[in-house]
Structure formats: C-alpha cells, structure tokens
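# Residue-level structure breakdown
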Amino acid sequence: MISGMNHAVLYVRDSERHRSFYEDVLGFSTVINAVGQYAFMRAPGSENHHDIAFFAIGEHSGASQAGRQTVGMYHIAWEVATLAELVEMEQRLRAAGVLVGASDHGVNKSLYCKDPDGLEFEVMWLVPPDQWGEDEHEAIIRPLDLAADMKRFDSVASENTKETA
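Here is a short report on the structure shown in this document.

## A few points about the overall build of the chain
- Looking only at helices and strands, one finds 4 helices and 9 strands in the chain.
- The order of helices and strands in the chain, counted from the N terminus, is β-α-β-β-β-β-α-β-β-β-β-α-α.
- Rg of the C-alpha trace for the chain: 17 Å, near the compact-globule value of 15 Å for 165 residues, within the 12% margin.
- Projecting the C-alpha coordinates of the chain onto the three principal axes gives extents of approximately 50 × 40 × 40 Å.
- When each of the 165 residues of the chain is scored for burial, the buried share is 39%.
- In the chain, the proportion of contacts linking residues at least 24 apart, taken out of those at least 6 apart, comes to 55%.
- Summed over all atoms, the accessible surface of the chain reaches about 9,900 Å², with 52% contributed by carbon and sulfur.
- Each charge class in the chain can be summarised by its mean position, and for the 13 positive and 26 negative side chains these summaries are 5 Å apart.

## Description of the pattern of salt bridges
- Summed over the entire model, instances satisfying the criterion amount to 10 salt bridges.
- The salt bridge involving Arg94 is made with Glu90; its shortest N-O contact spans 3.0 Å. Of this pair, Arg94 and Glu90 both sit in helix H2 (residues 83–96), separated by 4 residues, roughly a single helical turn.
- Exposure remark for Arg94: the relative accessible area of 53% places this residue in the exposed category.
- Residue Asp104 pairs with Arg142 through a salt bridge whose shortest N-O separation is 3.6 Å.

## So, H2
- With 14 residues, H2 should reach 20 Å at 1.5 Å per residue; the first-to-last C-alpha distance of 20 Å fits that figure.
- Within H2 the residues assigned to the buried category are Leu83, Leu86, Met89, Glu90 and Leu93. Looking down the long axis of H2, one finds its buried residues gathered within 110° of arc, a one-sided arrangement. The exposed set on the far side of H2, more than 90 degrees from its buried face, consists of Gln91 and Ala95.
- On its buried face, H2 sits against helix H1 (15–26), strand E5 (76–80), strand E6 (99–104), strand E7 (108–114), strand E8 (120–126) and helix H3 (146–152).
- One or two residues past the end of H2 sits Gly97, with phi positive at roughly 75°.

What counts as what
Residues numbered from 1 in each chain as written. Predicted model: local features only at pLDDT ≥ 70, side-chain atom pairs only at ≥ 80, totals over all residues. Heavy atoms only, no water. Helix = DSSP H or I, 4+ residues; strand = E, 2+ residues; numbered from the N terminus. Rg over C-alpha atoms; globule rule 2.2 N^0.38 Å. Buried < 20%, exposed > 50% of the residue type's maximum accessible area, 1.4 Å probe, protein only. Contact = heavy atoms within 4.5 Å. Areas by Shrake-Rupley, 256 points an atom, 1.4 Å probe, with all protein chains shown as cover. Lys, Arg positive; Asp, Glu negative; His and termini not counted. Charge placed at Lys NZ, Arg CZ, Asp CG, Glu CD. Salt bridge = Lys/Arg side-chain N within 4 Å of Asp/Glu carboxyl O. Expected span 1.5 Å × (residues − 1). Arc of directions from axis to C-beta.

Here it is as structure tokens:
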C-alpha cells in the first residue's frame with residue numbers, strides 16, 4: 001500500500017543553480033552534490049534521505065511546454081507545518097522575487113512560485129481536517145488573505161505552538 005510521496009526528480013538546465021536556490025530560498029540541505037551533474041536535497045523538516053533531486057541537462061535546453069503544448073507535471077507542493085511558517089515563507093519568496101500567485105483552496109492555503117528554470121512549485125499549509133467543513137469536497141480557488149487566516153486559525157496556531165514546545 002502506498003503511504004505517500006517520497007521524492008521528485010527534475011531535469012533542469014543547471015543542477016548547481018537549483019541546488020543553491022533550494023538551499024538559499026527554501027532552506028533545503030544538500031545530501032549529495034555532483035557539481036554540474038546532479039544534486040539530491042532534503043527539506044528542512046524531512047526524515048527522507050532526499051525529497052528532490054536535480055539532474056542537469058544543459059543551458060541549451062528549451063523551456064518546459066507542459067500544460068501548453070505537451071503533457072507533463074504542473075507543480076510540486078511543499079508543505080509547511082504552521083500557518084505562521086507560511087507567512088514567513090511568503091516573505092522569503094517575495095524577497096527572492098519568485099512568488100507568482102497565492103490562493104485559498106479552503107482545505108489549504110497556497111503560495112505559487114517559479115524556480116530558476118521557470119518550473120512552478122507550491123508552498124502550502126494544510127488546514128486541520130476538523131476545520132475543512134463543506135470545503136472538503138469542493139475545488140476552491142479564492143484570493144488568499146493570510147492576515148484574516150491568522151485571525152481565523154489563531155486557536156489552531158496556538159495549539160500547534162503548544163504541541164511543538
């Protein structure tokens with residue numbers, strides 16, 4: 001039985017540029033780095049050997065046409081443990097100039113970004129399941145309002161803080 005997703009592997013123009021980006025912007029650590037060839041990385045709170053790997057195919061490579069002219073993956077979503085961490089990530093992603101969108105999907109709050117090759121990724125916070133209500137079975141796309149969400153989920157944030165302390 002499958003228990004979850006373990007890792008993703010991406011072909012990129014420059015594995016070192018992606019390694020630096022994921023380290024500097026998202027806080028990942030490098031597990032294996034064959035400079036100029038590939039890099040395996042682990043997310044800050046992960047217990048995996050690696051969560052993502054990048055294989056370099058060269059600067060001559062064209063942009064991904066997935067979703068426009070070819071089939072392919074749309075994005076990878078990285079989860080943060082608390083809504084406060086999502087607020088912090090929004091600031092980091094905005095400062096790095098990679099934030100391209102934000103959505104409230106009811107059951108999760110999402111930030112959309114582009115990596116150095118223009119591949120999209122998401123950083124999201126999953127609303128606790130007992131708070132999903134009618135949103136559980138809906139495909140929702142609303143504007144994200146993190147300040148309002150921080151007030152709405154203040155008791156959840158307080159409980160998460162107590163649990164991690």
